[in-house]
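Each chain is listed here by its residues.
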Amino acid sequence: EGQAVRVETLEKRPGRYASVTKPLPDQVRKFLEPLRLYEHQARAIDASLGGADVALATGTASGKTLSYVVPALCAAASTDGCVALFLFPTKALAQDQLASLKRAIEACSLDASCSTLDGDTADEERQSIAQS
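Conventions used here
- Residues numbered from 1 in each chain as written.
- Predicted model: local features only at pLDDT ≥ 70, side-chain atom pairs only at ≥ 80, totals over all residues.
- Heavy atoms only, no water.
- Axes fitted to C-alpha atoms, helices over the stretch in contact; angles between N-to-C directions.
- Helix = DSSP H or I, 4+ residues; strand = E, 2+ residues; numbered from the N terminus.
- Parallel < 35°, antiparallel > 145°, perpendicular 65-115°, else oblique.
- Left-handed = near helix turned anticlockwise from the far one by under 90°.
- Contact = heavy atoms within 4.5 Å.
- Nonpolar A, V, L, I, M, F, W, Y, C, P; charged D, E, K, R; others polar.
- Phe/Tyr/Trp six-rings, centres within 6.5 Å; stacked < 30°, edge-to-face > 60°.
- Buried < 20%, exposed > 50% of the residue type's maximum accessible area, 1.4 Å probe, protein only.
- Lys NZ or Arg CZ within 6 Å of the ring centre and 35° of its normal.
- Salt bridge = Lys/Arg side-chain N within 4 Å of Asp/Glu carboxyl O.
- Lys, Arg positive; Asp, Glu negative; His and termini not counted.
- Core = buried A, V, L, I, M, F, W, Y, C linked by side-chain atoms within 4.5 Å.

> I'd love a proper account of the packing of helix H3 (residues 64–78) against helix H4 (residues 91–107), names of residues and values included.
Contact geometry for H3 and H4: axes closest at 11 Å, N-to-C directions at 45°. Relative to H4, the element H3 lies oblique. The handedness of the crossing between H3 and H4 comes out as right-handed. On the side of H3, the interface is formed by Thr 65, Tyr 68, Val 69 and Leu 73, while H4 contributes Gln 97, Ser 100, Leu 101, Ala 104 and Ile 105. Of the residues belonging to the contact of H3 with H4, the class tally is six nonpolar, three polar and no charged.

> Lay out the packing of aromatic side chains with the relevant residues and their values.
In total, this model carries three aromatic pairs according to the counting rule given. Between Tyr 68 and Phe 88, the aromatic rings sit 6.4 Å apart at their centres with planes inclined by 50°, giving tilted as the arrangement. One end of the pair, Tyr 68, is in helix H3; the other, Phe 88, is in the loop between H3 and H4, with 20 residues separating them in the sequence. The exposure class of Phe 88 is partly exposed, given its relative accessible area of 28%. Grouping aromatic residues by their ring pairs yields a cluster made of Tyr 68, Phe 86 and Phe 88. Above the plane of the ring of Tyr 17 lies Arg 36, whose end atom (NZ or CZ) is 3.6 Å from the centre.

> An account of the pattern of salt bridges is requested, with residue identities and associated values reported.
In total, this model carries six salt bridges according to the counting rule given. A salt bridge links Arg 6 to Glu 8; the shortest N-O distance between them is 3.0 Å. For Arg 6, a relative accessible area of 64% puts it in the exposed group. The salt bridge involving Glu 33 is made with Arg 29; its shortest N-O contact spans 2.7 Å. Residue Glu 33 is classed as exposed on the basis of its relative accessible area, which comes to 52%. Overall, the relative accessible area of 33% leaves Arg 29 in the partly exposed class.

> So what about the side chain of Asp 118? Which residues, and what values?
With respect to the element layout, Asp 118 can be found in the loop between H4 and helix H5 (123–131). Lacking a salt bridge, the buried Asp 118 has Lys 91 as its closest oppositely charged neighbour, with an N-O distance of 4.6 Å. Sequence-distant contacts of Asp 118, that is, excluding residues within four places in its chain, are made with Lys 91, Gln 95 and Arg 126.

> Hey, could you go over the nonpolar core for me, with residue numbers and the actual values?
In this structure, Val 20, Leu 32, Val 70 and Leu 73 are the most contacted members of the largest nonpolar core, which totals 19 residues. Of all the elements in the fold, those that place two or more residues in this core are helix H1 (26–32), helix H2 (39–49), H3 and H4. In contact with Val 20, not counting residues within four places along its chain, are Leu 32, Leu 37, Ala 42, Ile 45, Asp 46 and Leu 49.

Structure (structure tokens):
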């Protein structure tokens, strides 16, 4: 009871690639141009941009970040006062994702900011984040 009943090792297979089919703001499209998206990333981005709720469960380092960052970048590029909230289970992951998001915002030349809010966030920064 509660134990694994089967363990299976799957053969390695080549990645499958795809492009986003939904229209993207120019700066986001240019950001994505040099990247080769896996099929699951392109499908998740398209679904999200189409208004669907998306849950993505893939292995570590499989590109989940772009799957939710690209729709947020699109919203930031086309919507004044846009707010996106990302929740992470650990401070280390939040810091890693914050760095990736900052690079993406910069690469898209967006007038946007991002921050982490955790137990180590100074009171003054907390107030600033809350007012955003």
